[in-house]
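What follows is the residue order along each chain.
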Amino acid sequence: MSVKNLGVFFNPKRIAVVGADDDVSSIGYNIFRNLLGQGFKGSVYPVNSKYESVQGVEAYPKITDITKDIDLAIIAVPPDEIIPVLEECGQKGVKGSIIFCPDFKNRVIDLQLTLKNLIQISTKYNLRILGPDSLGFIRPKNRLNASLFPQIPPHGNIAFIVQSVTLSTTLLDLAVNKNIGCSFFISVGTKVDIKFADLIDYLGVDPETRAIILYIESIKNGRRFMTAVRSFASSKPIIVIKPGKFDISAQVALTHSGFIAGEDKVYDAAFKRAGVIRVDEILDLFYVAESL
C-alpha cells in the first residue's frame, strides 16, 4: 500500500488506546501516560471494558463506542484479543494502528494464521499496521509520543527507522542525552504491513526530514526496498546499519523476526548500488547521527 493513509497515521487528531490501564506495570498504562501531558494537541481516548475511567479520563468499553472518528488506534491487548480488536478498528474506519505485543511470534498460538488474518484485515479496511512487536513512533514536532519510551527527543531533521526494539531504546536515550534532534523515530517491529520501503517513500518527500537512518535486520522484498532507496538517496542521505557484516556474526545472527540474516555480500552490493551509506558498528551510527 506504500504511503496510503500514512499521512493520517503520523498526523492523527484523535487517538484511541485499546488496553489503556491504571496498572503502572502494564504497557497500556505507559503508552496512555506518554500521550498525555507532553504537549500533544489532539484527543486521546482510553478503551478498556474493565474501567469507567483510566488515569482520570473517561474510558470506553470498545473503540466502536467512541462517537468521534478515530485516526490512530494503539493496541496493547493480549495476543488472543488482537484480531477481534483490529477488526473493530476496521469497522470504526480507523486509518492506522500500532500493535505492541512484545515477543509476539512466541506468544500467539498459530503465528502464520495470525499474520494472515492481520494482513487480510489491513487490506479489507485500508487499515495501516505498524508492528506487531513495535515500540511505536515519536514525532517531536507534534509533541506526539505514541511509544513506550517516556521522553520526546528534540525536534530535528533526522528520521530514524529501527527494527530492533532494544536498539530503539538505546538510540532514543542517546538522542535525549546528547540533544540530537529528529523528525521521526519509528520502530517497525515485525513489519506485517508498514515496511522500510513505505516509510522511505513517505519520509523521502517530508520537508522536515533531511536524512534517514535505518537499522535493518532483514529485508524480504529487496526489489521494493531498492526502488524506494534509489528514489531519494541522491537528495537525502540514507544511512544503514545491518548486523552480520563479518562471517562469524553472519552465521549466528538471528533477526528479531526469527529469520537467519541474509547473505551479507548481497546486502552490501545492493546498498552500494542504491547509493546507501553503510556503517559497520552501532557506535558509528551514533557518530553519524551526531554529525548530521
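Values in this document were obtained by computation on a predicted structure and should not be read as measured data.

What to know about the confidence of the model for the protein
1) Next: Averaged over all residues, the pLDDT of the protein is 90; the fraction at 70 or higher stands at 93%.
2) Next: Counted against residues more than four places away or in other chains, residues 247-262, with its pLDDT under 50, gives 25 contacts.

Overview of the pattern of salt bridges
1) Next: Under the criterion given, the structure shown has 9 salt bridges.
2) Next: Of the charged contacts in the structure, one is a salt bridge between Asp193 and Arg128, with a shortest N-O distance of 2.9 Å. Taken together, the positions of Asp193 in the loop between β11 (182-187) and α7 (196-204) and Arg128 in strand β7 (residues 128-130) put the pair 65 residues apart, joining distant regions of the chain.
3) Next: Of the charged contacts in the structure, one is a salt bridge between Asp198 and Arg128, with a shortest N-O distance of 3.5 Å. With Asp198 in helix α7 and Arg128 in strand β7, the pair connects residues that are 70 residues apart, well separated along the chain.
4) Next: Salt bridges here are not isolated pairs; linked through shared partners, they connect Arg128, Asp193, Asp198, Asp201 and Arg224.

What to know about the packing of aromatic side chains
1) Next: Counted by the stated rule, this structure contains 10 aromatic pairs.
2) Next: Considering the side-chain rings of Phe225 and Phe271, the 6.3 Å spacing of their centres and the 65° angle between planes classify their relative orientation as edge-to-face. Of this pair, Phe225 sits in helix α8 (residues 222-232) while Phe271 sits in helix α10 (residues 264-274), and the two are 46 residues apart along the sequence. Here Phe225 matches Phe271 in class, with each residue buried.
3) Next: A ring pair is formed by Tyr267 and Phe271, whose centres lie 6.0 Å apart and whose planes are at 40°; its orientation type is tilted.

Digging into the side chain of Gln163
1) Next: Within the fold, Gln163 resides in the loop between β10 (155-162) and α6 (165-177).
2) Next: One polar contact links the side chain of Gln163 to the main-chain amide nitrogen of Glu217, over a distance of 2.7 Å.

Structural notes on unusual backbone geometry
Among all residues save glycine, negative phi is the norm, and among peptide bonds the norm is trans.
1) Next: The peptide bond linking Gly131 to Pro132 adopts the cis configuration, its omega dihedral lying at 0°.
2) Next: With a phi close to 60°, Asp103 is a non-glycine residue in the positive phi region.
3) Next: Tracing the sequence through the fold places Asp103 in the loop between β6 (96-99) and α4 (104-107).

A few points about the sheet that holds β10
Remark on secondary structure: sheet strands pair via backbone hydrogen bonds, oriented parallel or antiparallel.
1) Next: Strand order in the open sheet formed by 7 strands is β9-β8-β11-β10-β12-β13-β14, with mixed pairing between adjacent strands. Of all the strands in the sheet, just β9 (144-147) and β14 (277-279) have a single pairing partner and so form its edges. Across the sheet, the axes of successive neighbouring strands diverge by a mean angle of 15°, strand direction being ignored.
2) Next: Here strand β8 (residues 136-139) runs beside β9; their pairing, made up of 4 bridges, is antiparallel. In the sheet register, Phe137 faces β9, and the bridge partner there is Ala146.

Conventions we followed
What you see as residue numbers is a count from 1 along each chain, following the sequence as written. It should be noted that, the model being predicted, local features are given only for residues of pLDDT at least 70 and side-chain atom pairs only at 80 or more, the latter also being counted only at that level, while totals for whole chains, interfaces and linings use all residues. As a rule here, side-chain values cover all heavy atoms of the structure and leave hydrogens and water aside. The predictor rates its confidence in each residue with pLDDT, a number between 0 and 100. What makes two residues a contact is simply this: any of their non-hydrogen atoms within 4.5 Å. A carboxyl oxygen of Asp or Glu within 4 Å of a side-chain nitrogen of Lys or Arg is what we treat as a salt bridge. Per the convention used, a helix needs a DSSP run of H or I reaching at least four residues, while a strand needs a run of E reaching at least two, with both numbered from the N terminus. Here a pair means two rings of Phe, Tyr or Trp (six-membered ring of Trp) with centres within 6.5 Å. Their orientation is stacked below 30 degrees between planes, edge-to-face above 60, and tilted elsewhere. Only protein chains enter the accessibility calculation, which uses a 1.4 Å probe; a residue is then buried when its area is under 20% of its type maximum, exposed when over 50%, and partly exposed in between. Polar contact is the term for a pair of N or O atoms within 3.5 Å; when the atoms are in protein, one must be able to donate a hydrogen and the other to accept it, and sequence-neighboring residues count only if both atoms are side-chain atoms. Any two strands are treated as partners once DSSP identifies two or more bridges connecting them. A fitted line through C-alpha atoms represents every axis, and for helices the fit uses only the stretch in contact; the resulting angles, taken between N-to-C directions, go from 0 to 180 degrees.

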